[in-house]
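# Coordinates in review
Letter by letter, the chains look like this.
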Amino acid sequence: KHYSIFIDSIVWEIDARTFQFSFVSKKAERLLGYPVERWLHEPIKDTKAFAYLISTEDEVLQYETQYVRKEGTTAIVPANSVALRDEHNTISGLT
């Protein structure tokens, strides 16, 4: 269950096998101008956070990333990523 209505930021989840978004909150559409459906059908381009969390024992990664809004301006967005692990402690996703 996702609680994005209480958070003033973009909430997303990425599938570790496909590197595609499996969930994107409506806030992404409001902040960046693209419909949520577009995000769900495109693989992620910036995999640095995912690669870092795979290679370390850190639970949370804080960083800044850039997105180009639909109207062409750049948004610099602070991000917190957490590795999602399955019952075997294998990373199954990223949020």
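Described below are features of the structure shown in this document. Computed from a prediction, not measured in an experiment: that's the story for all the values here.

What follows concerns the overall build of the protein. Helix and strand counts for the protein come out as 3 helices and 5 strands. At 13 Å, the protein has a C-alpha radius of gyration in line with the 12 Å of a compact globule built from 95 residues. The principal-axis extent of the C-alpha atoms belonging to the protein is close to 40 × 25 × 25 Å. Within the protein, the proportion of its 95 residues that are buried is 33%. Pairs at least 24 residues apart make up 31% of the contacts formed inside the protein by residues separated by at least 6 positions. Here the protein has roughly 6600 Å² of accessible surface; of this, 53% comes from carbon and sulfur atoms. Within the protein, one finds 11 positive and 14 negative side-chain charges whose respective centroids are separated by 8 Å.

In this section: the pattern of salt bridges. Scanning all chains against the criterion turns up 2 salt bridges. We note a salt bridge from Arg-17 to Asp-15, for which the minimum N-O separation is 2.6 Å. Of the charged contacts in the structure, one is a salt bridge between Lys-26 and Glu-29, with a shortest N-O distance of 3.9 Å. Highlighted residues: Lys-26 and Glu-29, both in helix 1 (residues 26-32), separated by 3 residues, approximately one helical turn.

Another point: the nonpolar core. The biggest cluster of nonpolar side chains holds 19 residues, and the ones touching the most others in it are Trp-12, Ile-14, Phe-21, Val-24, Leu-32, Trp-39 and Leu-94. Not counting residues within four places of it along the chain, the set of residues in contact with Ile-14 comprises Phe-19, Gln-20, Phe-21, Ser-22, Ile-44, Ser-92, Gly-93 and Leu-94.

The 5 strands are arranged 2-1-5-4-3 in an open sheet whose pairing can be described as antiparallel. Each edge of the sheet is formed by a strand with only one pairing partner; in this case those strands are strand 2 (20-24) and strand 3 (60-68). Taken over all neighbouring pairs, the strand axes of this sheet differ in orientation by 30° on average, direction set aside. One ladder, built from 9 bridges, connects strand 3 with strand 4 (residues 74-85); its direction is antiparallel. Counted as the bridge partner of Thr-65 is Val-77 from strand 4.

Rules behind the numbers
- Residues numbered from 1 in each chain as written.
- Predicted model: local features only at pLDDT ≥ 70, side-chain atom pairs only at ≥ 80, totals over all residues.
- Heavy atoms only, no water.
- Helix = DSSP H or I, 4+ residues; strand = E, 2+ residues; numbered from the N terminus.
- Rg over C-alpha atoms; globule rule 2.2 N^0.38 Å.
- Buried < 20%, exposed > 50% of the residue type's maximum accessible area, 1.4 Å probe, protein only.
- Contact = heavy atoms within 4.5 Å.
- Areas by Shrake-Rupley, 256 points an atom, 1.4 Å probe, with all protein chains shown as cover.
- Lys, Arg positive; Asp, Glu negative; His and termini not counted.
- Charge placed at Lys NZ, Arg CZ, Asp CG, Glu CD.
- Salt bridge = Lys/Arg side-chain N within 4 Å of Asp/Glu carboxyl O.
- Core = buried A, V, L, I, M, F, W, Y, C linked by side-chain atoms within 4.5 Å.
- Pairing = 2+ DSSP bridges.
- Axes fitted to C-alpha atoms, helices over the stretch in contact; angles between N-to-C directions.

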